[in-house]
Amino acid sequence: MLFRSQVQIDSATGTMGGGRVVATGGALLEGFTIARFVVNLRGDDVTVPFPPDFRSTLDADVEIRGSQREQIVSGIVTLRRAEYTEDIELADLINNRRGETIQESVESELTTAVFSNLRVEGRNALVVRNNLADLVGSVSLVLDGPVSDPIIAGRVTATSGTLNFRNDRYEITRALADLPPSRNADPILNIQAESQIRGYRVIVSMTGP
C-alpha cells in the first residue's frame, strides 16, 4: 500500500551572493518519492556571475513547481545592476552569433525544467564598459521554454553612453535591440550615434537583424 504525506516549508532563510534568500512551499510525497512540489524563492540583493562574463546584482521572486519529471520556473527577476567589462572583438561578435546555452553556462539540478513567462526587468541597470562601448541601458525580457535552451524575447535599450568605432567616439542618440519571440531569431538592431570629426558632424546608423 502506497502512503501519501505532505511536507511544508514555512520559511527557510539563507544567504547567496551576499544577499538574503527566503524559501517557502511544500511537497506531496508518495512513499519516499516526491510526487509534486511548490517552492517560492524570494531573493534580495543577490550577486551572481550570470549571464556569462556579467556580474549581476538582483532581486528575485520566483516560483518553482512540478515533479521529478518536469519543473516549471516562473516569476520576476529585477536587475539592480548587470555589469559587463570584457573587451569584444567585433569580428568575433559577428561570426559567433550563438554562444553557450544557459544549461552549459551554469550547472543546474533542474535538468528537465522549463521557463514559463519568467520576466527579467531592469531600468538603467545594464552597464557596459569595454573597448567598444561605455553605456547604460534598460532591459525588459521574457524567458519561455527549456532552461537548457530558452526562447528569450523582449527589448534592450541603451539610455545613454558612447560607442567607439575606428578610434572615434560617438555619442549614442538611439540604441535598441529587439529580440523576437522565436527560436534562433536574430536580434533586430536600431542604433544611431553621432560625433564631431575634423570639424564635421558625422552620424552613423545601423538597422536590421
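My aim in this report is to walk through the structure given alongside it, one point at a time. No experiment lies behind these values; they were computed from the predicted model shown.

## Overview of the nonpolar core
Step number 1: If you look at the biggest cluster of nonpolar residues, it comprises 32 residues, and the most contacted ones within it are Leu58, Val62, Val77 and Leu79.
Step number 2: Residue assignment for this core shows that the elements contributing at least two residues are strand S2 (19–30), strand S3 (33–48), strand S4 (54–66), strand S5 (71–84), strand S6 (113–129), strand S7 (133–146) and strand S9 (168–179).
Step number 3: With 7 residues, S6 is the single largest residue contributor to this core.

## Digging into a negative patch on the surface
Step number 1: A grouping of Asp53, Glu86, Asp87 and Glu89 is seen on the molecular surface, where their side chains present a negatively charged patch.
Step number 2: Inspection of the secondary structure puts aspartate 53 in the loop between S3 and S4.

## Focus: the pattern of salt bridges
Step number 1: Tallying each qualifying case throughout the model produces 10 salt bridges.
Step number 2: Among the ionic pairs, glutamate 83 bridges to arginine 129, the shortest N-O distance being 3.9 Å. Placement of the pair is glutamate 83 in strand S5 and arginine 129 in strand S6, with a sequence separation of 46 residues.
Step number 3: What makes arginine 129 partly exposed here is its relative accessible area of 40%.
Step number 4: With its nearest N and O atoms 2.9 Å apart, the salt bridge here joins arginine 201 to glutamate 194.
Step number 5: Relative accessible area serves as the criterion here: at 55%, arginine 201 is assigned to the exposed category.
Step number 6: A network of salt bridges, in which partner residues are shared, links Arg81, Glu83, Arg129 and Asp134.

## Quick look at the packing of aromatic side chains
Step number 1: Tallied over the full model, the rule gives 1 aromatic pair.
Step number 2: Each ring, one from phenylalanine 54 and one from tyrosine 84, has its centre 4.9 Å from the other, and the planes form 45 degrees; the classification is tilted. Here phenylalanine 54 is found in strand S4, whereas its partner tyrosine 84 is found in strand S5, with 30 residues between them in sequence.

Definitions and limits used
Residues numbered from 1 in each chain as written. Predicted model: local features only at pLDDT ≥ 70, side-chain atom pairs only at ≥ 80, totals over all residues. Heavy atoms only, no water. Core = buried A, V, L, I, M, F, W, Y, C linked by side-chain atoms within 4.5 Å. Buried < 20%, exposed > 50% of the residue type's maximum accessible area, 1.4 Å probe, protein only. Helix = DSSP H or I, 4+ residues; strand = E, 2+ residues; numbered from the N terminus. Patch = residues over 30% accessible without salt bridge, like charges linked within 9 Å, V, L, I, M, F, W, Y side chains within 5 Å. Areas by Shrake-Rupley, 256 points an atom, 1.4 Å probe, with all protein chains shown as cover. Salt bridge = Lys/Arg side-chain N within 4 Å of Asp/Glu carboxyl O. Lys, Arg positive; Asp, Glu negative; His and termini not counted. Charge placed at Lys NZ, Arg CZ, Asp CG, Glu CD. Phe/Tyr/Trp six-rings, centres within 6.5 Å; stacked < 30°, edge-to-face > 60°.

The values reported here are purely geometric and, on their own, carry no functional implication.
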